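# Breakdown of the fold
For reference, the chains in residue letters:
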Amino acid sequence: MKRIVVVGAGIMGARICRHFLCHGLQVALVDPSEDARKKAQETLQTPEQKPVFAQAANQLAEAWRGAEIVFEVVPEVLSLKRKVFAELEAFFETTTVIASNTSGLRTSELAADLRHPERFLIAHFFNPADLIPAVEIVPGDTTTEETVTRVSTLLTQTGKKPACLQADIPGFIANRLQHALLRECFHLMEAGVADAQTIDLVTRYSLGVRLALIGPLLQRDLNGLETHLNIATYLYPDLDARKTPSPILTAKVEAGAFGRKSGEGFYHWDETQIAQMEQIEALLPEVVALSGKTDAEKEE
């Protein structure tokens, strides 16, 4: 049975761990924080199998040295990630793939100090990691095709949809699209066009409904590329093109309004709001199933 190691027992790490456990793999979850491991244990209410918990990778049993893949899921601090990679290279065999779940750091930055960069790549999961199918795969210049194939095959076998990028760029695909969308959202708020709730309403019940089933480029084909070109000609000059974060976003963060984790953000996170989000998360498998149905129809 393949062994998977997840380093970092935060929200993402625990959900990645749950994904592989639910598909029958042996998983070890490593984190120096006892509190993080306890919280992860509460999240991992998985009857199929329990993970192996460890404070550090070198505390795992000898058999884990030959693990198939190690997923690094520690905070987005380059120096911390490089420190973790050094520890992983010292313990695991050279056949073990090391994959970072970074949300935007480049592969070349992360792999700069590795002794074996050929077995390193980025595997970016999306939260909640056990429910969202897509995983962005970003190889580096020295990453071997075998490494990409091994990771992609494992992800596919466990129900994920690996998306392999052909260039090592910051933010990959999803975060670049997301931040471009959010930049315009903040601009609309600053200009007094609409508040956060109205922008969310329009996005959910127009773009969101379509994007759940078809991508933006397929949608352009359906609408007609000449129509998109005509609109782009007069609309692009009016879109926000700033190169610094929005003052609205900066002010929220400076005031300690981080969103759900602090109880305040663009919304007030009381028990009702939290319960609503839990209901939405419970519906994600149905949305994924619908998207999968459209994929199956294309394959036919």
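Residues numbered from 1 in each chain as written. Predicted model: local features only at pLDDT ≥ 70, side-chain atom pairs only at ≥ 80, totals over all residues. Heavy atoms only, no water.

## Here we look at helix α1 (residues 11-22)
Counted only if it meets this: Here a strand is any run of E in DSSP of at least two residues, a helix any run of H or I of at least four, and the numbering for each starts at the N terminus. The span expected for a helix works out to 1.5 Å for each residue beyond the first. The buried label goes to any residue with under 20% of its type's maximum accessible area, the exposed label to any with over 50%, and the partly exposed label to all in between, with areas taken from a 1.4 Å probe on protein chains only.
Taking 1.5 Å as the rise per residue, α1 with 12 residues should run 16 Å; its terminal C-alpha atoms sit 17 Å apart, in good agreement. Among all positions of α1, only M12, G13, A14, R15, I16, C17, R18, H19, F20 and L21 are buried. Looking one or two places after α1, you find G24, whose phi comes out positive at around 80°.

## Section: the environment of A167
For A167, the location among the structural elements is in the loop between β8 (161-164) and α6 (174-190). Once the C-alpha coordinates of A167 and R65 are considered, the two residues, 102 residues apart in sequence, prove to be 31 Å apart.

## Side note on helix α10 (residues 247-254)
To keep things clear, this is the line we draw: Each polar contact in these results corresponds to two N or O atoms within 3.5 Å; when the atoms are within protein, one needs to be able to donate a hydrogen and the other to accept it, and residues that are neighboring in sequence are counted only if both atoms are side-chain atoms.
Where α10 begins, the side chain of S246 points an oxygen toward the backbone nitrogen of I248, at a separation of 3.1 Å. After α10 finishes, the residue G256 shows a positive phi value of roughly 80°.

## What to know about the pairing of strand β6 (residues 120-124)
As a reminder, the rule being used: Here, strands pair whenever DSSP counts at least two bridges between them.
Counting buried positions along β6 yields 5 of 5 residues, so the element is predominantly enclosed. On β6, burial covers both faces: F120, I122 and H124 on one face and L121 and A123 on the other are all buried. Note that strand β5 (residues 97-100) and β6 share 3 bridges and pair parallel. Opposite S100, over in β6, you have I122 as the bridge partner. Sheet analysis places β6 next to strand β7 (residues 134-139), joined by 4 bridges and oriented antiparallel. Note that in β7 the partner of I122 across the bridge is V138.

## A look at the packing of α6 against α10
Using the following cut-off: Angles shown run from 0 to 180 degrees and are taken between the N-to-C directions of axes, each axis being a line fitted to C-alpha atoms and, for helices, limited to the stretch in contact. In what follows, roughly perpendicular refers to angles from 65 to 115 degrees, roughly parallel to angles under 35, roughly antiparallel to angles over 145, and oblique to any angle outside these ranges. Contacts: residue pairs with any heavy atoms within 4.5 Å of one another. The classification used treats Ala, Val, Leu, Ile, Met, Phe, Trp, Tyr, Cys and Pro as nonpolar, Asp, Glu, Lys and Arg as charged, and all other residues, Gly among them, as polar.
Where α6 meets α10, the axes come as close as 9 Å, and the angle between the chain directions of the two elements is 90°. Considering the angle they form, α6 stands roughly perpendicular to α10. Residues F186, M189 and E190 of α6 pack against P247, I248 and L249 of α10. Among the residues making up the contact of α6 with α10, the classes are represented as 5 nonpolar, no polar and 1 charged.

## A word on the side chain of E68
Tracing the sequence through the fold places E68 in the loop between β3 (52-54) and β4 (69-72). The class for E68 is buried, based on a relative accessible area of 19%.

## Here's the deal with the sheet that holds β6
What the 8 strands build is an open sheet, ordered β3-β2-β1-β4-β5-β6-β7-β8; its pairing is mixed. Every other strand in the sheet has two partners, leaving β3 and β8 as the edge strands with one partner each. Averaged over all pairs of adjacent strands, the angle between strand axes in this sheet comes to 25°, irrespective of strand direction.

## Section: the environment of A257
In this fold, A257 is placed in the loop between α10 and α11 (271-299). The exposure class of A257 is buried, given its relative accessible area of 17%. Setting aside residues up to four positions removed in sequence, A257 forms contacts with K252, S262, E264 and G265.

## Quick word on the pattern of salt bridges
Spelled out, the test is: In what follows, salt bridge is the name for a side-chain nitrogen of Lys or Arg lying within 4 Å of a carboxyl oxygen of Asp or Glu.
With the rule as written, the count across this model stands at 12 salt bridges. Between D130 and R15 there is a salt bridge; the shortest N-O distance is 2.7 Å. Remark: R15 occurs in helix α1 and D130 occurs in the loop between β6 and β7; sequence separation between them is 115 residues. Accessibility classification places D130 together with R15 in one group, the buried group. For E68, the salt bridge goes to R150, with nearest N and O atoms at 3.5 Å. Here R150 lies in helix α5 (residues 145-157) and E68 lies in the loop between β3 and β4, a separation of 82 residues in the sequence.

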